[in-house]
Amino acid sequence: MRKITKLILALLLVAVLGTTAFAQSAPPAAGANLTIGLVMVGPYNDHGWSQANYDGAQYVVAKVPGTKLVYIDKANSADRPGTTVSQLGESLVAQGAKLVIFSSDDMSDEAVKFAQAHKDVFVIMTSGDQTWKDGKAYKDLPNMICIMGRMEYMKMVAGVAAAMTTQTGKIGFLGPLINDETRRLASSAYLGAKYAWVNYLKKDPAKLSFKVTWIGFWFNIPGVTSDPTQVADDFFNSGYDVVISGIDTTEAVTEAAKYAAQGKKVFAIPYDYAKAIDEGKGVSLGVPYFNWGPAYVTTVKAAMAGTWKSHWEWNAPDWKNINNPDTGAVGFNKGTLTKDASASVDKFIAELAKGLNLWKGPLALQDGSAYLKAGEAATDKQVWYLPQLLQGMEGQSVSK
Amino acid sequence: MSDSRALKPLFQGAAVVLALGLTTLVLLATKAPPLAAYVNIARGAVGTVSVALDVLVAWVPLLLVTSGLLVTFTVGLWNIGIEGQITFGAIFATWALRSFQGGAASGAIDPALAIALSVLAGMAGGALWAMLVGALKTFGGVNEIFGGLGLNYVATALNLWLIFGPWKRPGVASMSGTVPFDKALWLPTINEQSRFAPIAVVLALVAIAVVFALIQGTYFGLRLKAVGKNPKAAYLLGIPTWQYTMASFAICGILAGLAGAVQVTSVYHRLIPSISSGYGYMGLMVSMLVNFSAAVAAPVALFFAALNVGSIQLPITLKLDSSLAGVLQGTLVLFVILAEGARMRFMKKGGRKA
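(A) Inspection of helix α7 (residues 228–237) of chain A at higher detail. Residue and element names in this part refer to chain A. For α7, the complete set of buried residues consists of Pro-228, Val-231, Ala-232, Asp-233, Phe-235 and Phe-236. Structurally, α7 contributes buried residues whose contacts are with β6 (170–175), β7 (209–214), β8 (242–245), α8 (251–261) and β9 (267–269). For α7, the N-terminal cap is Asp-227; the gap from its side-chain oxygen to the backbone nitrogen of Thr-229 is 3.0 Å. Following α7 by one or two positions, Gly-239 has its phi on the positive side, about 95°.

(B) Quick peek at the sheet that holds strand β4 (residues 122–126) of chain A. All names here are of chain A. Here six strands make up an open sheet; going across it, the order is β2-β1-β3-β4-β5-β11 and the pairing parallel. Unpaired on one side and paired on the other, β2 (67–72) and β11 (312–315) mark the two borders of the sheet. In this sheet, adjacent strand axes meet at a mean angle of 20° when their direction is disregarded. With five bridges joining them, strand β1 (residues 34–39) and strand β3 (residues 97–102) adopt parallel strand pairing. Residue pairing across strands places Val-39 opposite Phe-102, the latter belonging to β3. Where helix α3 (residues 85–93) meets the sheet, it contacts β1, β2 and β3, and its direction lies at approximately 145° from that of β3.

(C) Seen up close, the pairing of β2(A). Residues and elements named next belong to chain A. With respect to burial, β2 is a largely interior element, five of its six residues being buried. The pairing of β1 with β2 spans six bridges and is classified as parallel. By the bridge assignment for β2, Ile-36 is matched with Leu-69. One crossover worth recording links β1 to the parallel β2 by way of helix α2 (residues 49–63), and it is right-handed.

(D) Spatial organisation of the domain arrangement of chain A. Residue and element names in this part refer to chain A. As assigned here, chain A comprises domain 1 (23–151 + 292–315) and domain 2 (152–289 + 335–394). A separation of 28 Å is found between the C-alpha centroids of domain 1 and domain 2. Each side of the interface is counted separately: domain 1 has 29 residues, and domain 2 has 28 residues. Here domain 1 and domain 2 share an interface that buries about 2400 Å² over both sides, 62% of which is from carbon and sulfur atoms. Of all residues in domain 1, His-47, Met-151 and Trp-314 give up the largest surface area on contact with domain 2, accounting jointly for 32% of the area buried on that side. Taken together, domain 1 and domain 2 are joined by one salt bridge. A salt bridge links Arg-150 to Asp-380, with the nearest nitrogen and oxygen atoms 2.9 Å apart. Joining domain 1 to domain 2, the criterion identifies 15 residue pairs in polar contact (both at pLDDT 80 or more).

(E) Summary view of the interface of chain B and chain A. Taken together, the contacts link 37 residues of chain B with 36 residues of chain A. Our count for the chain B to chain A interface comes out at three salt bridges. For B:Arg195, the salt bridge identified is with A:Glu90, shortest N-O distance 2.7 Å. Taken together, the links from chain B to chain A amount to 15 residue pairs in polar contact (both at pLDDT 80 or more). When contributions to the side of chain B that touches chain A are tallied by element, the ones reaching two or more residues are α3 (49–74), α6 (144–164), α10 (241–268) and α13 (313–318) of chain B. Take the side of chain B that touches chain A: its biggest share by element is four residues, from α13(B). By residue class, the composition of the side of chain B that touches chain A is 16 nonpolar, 12 polar and nine charged.

(F) Broad picture of the confidence of the model for chain A. Of all residues in chain A, 94% have pLDDT values of 70 or greater, and the mean over the chain is 93. Note that pLDDT drops below 50 for residues 14–23 of chain A; the model gives that stretch four contacts with residues more than four away or on any other chain.

(G) Examining unusual backbone geometry more closely. In the segment running from A:Gly361 into A:Pro362, the intervening peptide bond is cis, with an omega of 5°. In this fold, A:Pro362 is placed in the loop between α10 (339–353) and β13 (363–364). For B:Ser277, which is not glycine, the phi torsion reads 55° and is therefore positive. Relative to the helices and strands, B:Ser277 resides in the loop between α10 and α11 (279–289). For B:Ser277, a relative accessible area of 6% translates into the label buried.

Conventions and cut-offs
- All residue numbers here refer to positions counted from 1 along the written sequence of the relevant chain.
- Throughout, the order in which chains and ligands are written sets their labels, letters from A for the former and numbers from 1 for the latter.
- Local features in this predicted model are restricted to residues of pLDDT 70 or higher, and side-chain atom pairs are both shown and tallied only at a pLDDT of 80 or more, whereas totals for entire chains, interfaces and linings draw on every residue.
- The side-chain figures draw on all heavy atoms in the structure; neither hydrogens nor water molecules are used.
- Accessibility here uses a 1.4 Å probe with only protein chains present; expressed as a share of the type maximum, an area under 20% marks a residue as buried, one over 50% as exposed, and anything in between as partly exposed.
- Numbering of helices and strands runs from the N terminus, with a helix taken as a DSSP run of H or I at least four residues long and a strand as a DSSP run of E at least two residues long.
- We call two residues contacting when some pair of their heavy atoms lies within 4.5 Å.
- In protein, a polar contact requires one atom able to donate a hydrogen and another able to accept it; more generally it is a pair of N or O atoms within 3.5 Å, and residues adjacent in sequence count only if both atoms are side-chain atoms.
- DSSP calls a pair of strands paired once it identifies at least 2 bridges connecting them.
- Every angle, taken between N-to-C directions, lies between 0 and 180 degrees, and every axis is a line fitted to C-alpha atoms, over only the stretch in contact when it is a helix.
- By definition, the crossover connecting two strands over a helix is right-handed if that path, from the first strand to the second, turns clockwise as seen with the strands pointing away from the viewer.
- Those domain boundaries reflect an automatic or database domain assignment.
- Buried area adds together the accessible area that both of two parts lose upon being put together, with accessible area traced by a 1.4 Å probe.
- Salt bridges are defined by distance alone: a side-chain nitrogen of Lys or Arg within 4 Å of a carboxyl oxygen of Asp or Glu.
- Residues are grouped as follows: nonpolar covers Ala, Val, Leu, Ile, Met, Phe, Trp, Tyr, Cys and Pro; charged covers Asp, Glu, Lys and Arg; every other residue, Gly included, is treated as polar.
- Predictor confidence is given residue by residue as pLDDT, running from a minimum of 0 to a maximum of 100.

Written as structure tokens, this is what we have:
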């Protein structure tokens, strides 16, 4: 009798230890076949953020044998009332997904909930920082990897293209919601614009106007957010002749095309998706875009091979060729630019490749408080968690 | 009369067949395979334990608002303001949870008590907003449909303002919603993997049972019905009409507020812009479909919830839009009402012949 009790106790102990050990490590190797689930915040064909992610996942399927894609788009409570993002993730697991990509900042909390509840499923949190050991939101999630591209560079390029084009010296930034990511990206565009304004055009920085207007979400939700079409129109009607988009969808370009057709000389720079410049032929100066494919391939392969290790990555462009679809994480696709502007954009990219750093002091925050001392280069943490917009920019830094 | 009763299921059956037929036509018109679509919805609703529990998660708020609406319908009121009442319940529950969060973390207040008080706050919030519609009607002469609709917009605007303003996440201004509450303040679920909170189901079942008993078995319910059938006659017979109107709004508001509180404490764990999730309008459809009777509200609401949850599969497996569930629900209500009208006409004609 005693022996049996001991045996049962021992078995229980092994089981408990086993589960805890399992809980604290990544899921086992997925093997030769892996179904990938992709959860997108907007429509898969939004010509912006979601489509870039969709193309990235399709790239994986094309490059990694044995992979299959299932996806659900419009994963937001306005489009799918009553649902939660983790519930939608589960619906992909039900279709066989062993790795789920939550591809929006909006899903941060739900992705963590999902990862904690489904320790046997690999999770990619796109644009997140929860697995960044030095980050502010760090959580021990062995089955999660966070991936982001260093879009800051390409937003700077966008800023250069805008500054080289504007005739009024007024650049508008169509911002989504306000958070760390959007503050640093809007600020990057400003840094690029200011650099070109001062160094290429030899103009007075005080004469450059850079205004950010936020709509409240990544894309238009009628009745909830400000209407991005309206915001773009307001820019064009008040002397801003270049609008840089920071939202998931293409309203800035569509509106620029409309105004251009009426004879106004206005331009726009879409975002996220390499082919977004086709939305407004003749008015798109270019597009800073994400190339998720390569990073997703590496991560998916790790899940299949059993070499998955939770980490955070903030991937750089491939400076040898920023538009190489098989390497860099971010790129810039040039659109309608004057010869001069085009040459300046190329020159700027070459300077960046050689190590030019615009996130370097002296830089002050919007309210005048010190951000970087003269000569001080910002750390990753300082850039990622930028607390305000930079001095010289108009627009809200943090909602009051 | 006995003929009419016997014919009723026939007409209702025909209505269901017609609704299915029309939805099938919609599917065929979009070149989608109808059978596969229905199979997928069914699988998505009952295929696994997890999705079946999700159906129950959706059933709770739907059944709660339907229960409330049956009370206002009994008094002959179209409480379109139900959406705003859910939202207000969610706002009040969030407000309470926010106030208790610090105390619950430091141990000054028992988390279970904090949750209970927050749910009660939600019920109070819903009641308040509903009684405002009632007051506008009784004292201001504003039809409850217009008053309710207007107050829905006000509730939404207030909700957005709170999320984007005073209750925003630190350093963030986004329509994503407020900071999620500590796990200790979530309505307890059966396990960590699940969104299913058994206590919420119990609350919903109690709600429909109470409403059923109230309307069918009490003097209060009888008077509510009297007011609904003929307010003037009821008044002349000594029933304080406006008090009963207000009471029905209050009861409906309490249940709508409870639905909002449940959404906050057990589904989203935070306040989001579309917290009412359209359950109010869906509750109106369920009420119409069950011909304003509490007896069959629970299974019909369950069916609607199943359609909603099951249809999530459609975009994944068939690249079809989930709104197909809404098409089926809408046509179902439409045809059932049409069939009832047709039956009445048919009976009249039959009566004349006889």
